[in-house]
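# A structural walkthrough
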Amino acid sequence: MFGKIRFWRECMLVNLLILYASASRCLSAPMERTDIIFQNQSISDGQTLISGSKKFVLGFFSPGNSSYRYVGIWHNDVSERRVVWVANRNNPMKDSLGILKVDNSSNLIVSDGSGNSFTVVYAVGVGVQDQDLEGAMLDNGNFVLRSIANKTNIVWQSFDFPTDTWLPGMNITLGTKLLTSWKSSDDPAVGDYSFGPGVTNASQLIIWWKGSKFWTSGGWDGDVNALIPELKSISTIPLYFHCDNLTCTYTPNPDSRFTKFVLDPNGSLNIAQFDP
């Protein structure tokens, strides 16, 4: 069984082996704060965190025709603003009175106006001093919780918990980090498809449908495009893979372009690239 891959650059589509399915969405109107949130501070529905160079936004959104509210990350100021990460994909908020906060116990929590809450991550402040924790929206699309005193001390990051999108700098790791599709363009809950390295090593990429192999890439042999050789048919190869037996990542070409992989609800893997 084969999907199709489609490579998208600006307004031009080049067929490869993946099919692109756009997802409509209603994103929060930006009410700019900063790129940082501290312990016991909150972001309300309608407010956002914007990365330092204004490349990515974290805030509340409703996908497609849904009225439910989710916390997500999306591209800022580009033509294709699809959400790349969802904090509460299986636990939507049912009103627009939601807040996102890091509480006094270092839990990252989403809650609605009725008092219902979902804990994104529990007690992440291990290894940092009391009140020495901040949440930061980074320019690579990664939302991190880190020490204020030592910003290289990252205690949690969204890149370790991907949803349906693989961004540059994000490692897809054997046995742990897989992309999982949305149920539909209206529902970001975990869908039927997953994508990641093979079961025993990361030298091959696989799409699974309900646990069964749906698509298999080429094998990694050290060639930067061995996994998807069809990319070589494009005049400018859009990305280069870097893999070993445990992890796989990639770099865009050129590195100034926004690039991403998206596993859509029908099991297709889309490679998109566009100017910031």
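Residues numbered from 1 in each chain as written. Predicted model: local features only at pLDDT ≥ 70, side-chain atom pairs only at ≥ 80, totals over all residues. Heavy atoms only, no water.

So, about the sheet that holds strand β4 (residues 36–38). Strands sit in the order β4-β13-β14-β15 across an open sheet of 4 strands; the sheet is antiparallel. Looking at the sheet topology across the chains shown, the edges are occupied by β4 and β15 (154–157). Geometrically, the sheet is characterised by an average inter-axis angle of 20 degrees between neighbouring strands, direction not taken into account. Pairing between β4 and strand β13 (residues 133–137): 3 bridges, direction antiparallel. Along β13, the bridge assignment pairs Ile36 with Ala136. (Pairing = 2+ DSSP bridges. Helix = DSSP H or I, 4+ residues; strand = E, 2+ residues; numbered from the N terminus. Axes fitted to C-alpha atoms, helices over the stretch in contact; angles between N-to-C directions.)

With that settled, consider the packing of aromatic side chains. Counted according to the given criterion, the structure contains 15 aromatic pairs. Arranged with centres 6.0 Å apart and planes meeting at 50 degrees, the rings of Phe241 and Phe261 form a pair that is tilted. Remark: Phe261 occurs in strand β24 (residues 258–263) and Phe241 occurs in strand β22 (residues 239–243); sequence separation between them is 20 residues. Grouping residues by exposure puts Phe241 and Phe261 together as buried. We note Arg82 situated over the ring of Trp182; from NZ or CZ to the ring centre the distance is 5.6 Å. (Phe/Tyr/Trp six-rings, centres within 6.5 Å; stacked < 30°, edge-to-face > 60°. Buried < 20%, exposed > 50% of the residue type's maximum accessible area, 1.4 Å probe, protein only. Lys NZ or Arg CZ within 6 Å of the ring centre and 35° of its normal.)

Another aspect to go through is the pattern of salt bridges. Counted by the stated rule, this structure contains 4 salt bridges. A salt bridge links Asp45 to Arg69, with the shortest nitrogen-to-oxygen separation between them at 2.7 Å. On the criterion of sequence distance, the pair formed by Asp45 in the loop between β5 (42–44) and β6 (48–50) and Arg69 in the loop between β7 (56–63) and β8 (70–75) is long-range, its members being 24 residues apart. In this structure Asp45 comes out as buried when scored by relative accessible area, which is 17%. Bridged by salt links that share partners, the residues Glu134, Arg146 and Lys151 form one connected network. (Salt bridge = Lys/Arg side-chain N within 4 Å of Asp/Glu carboxyl O.)

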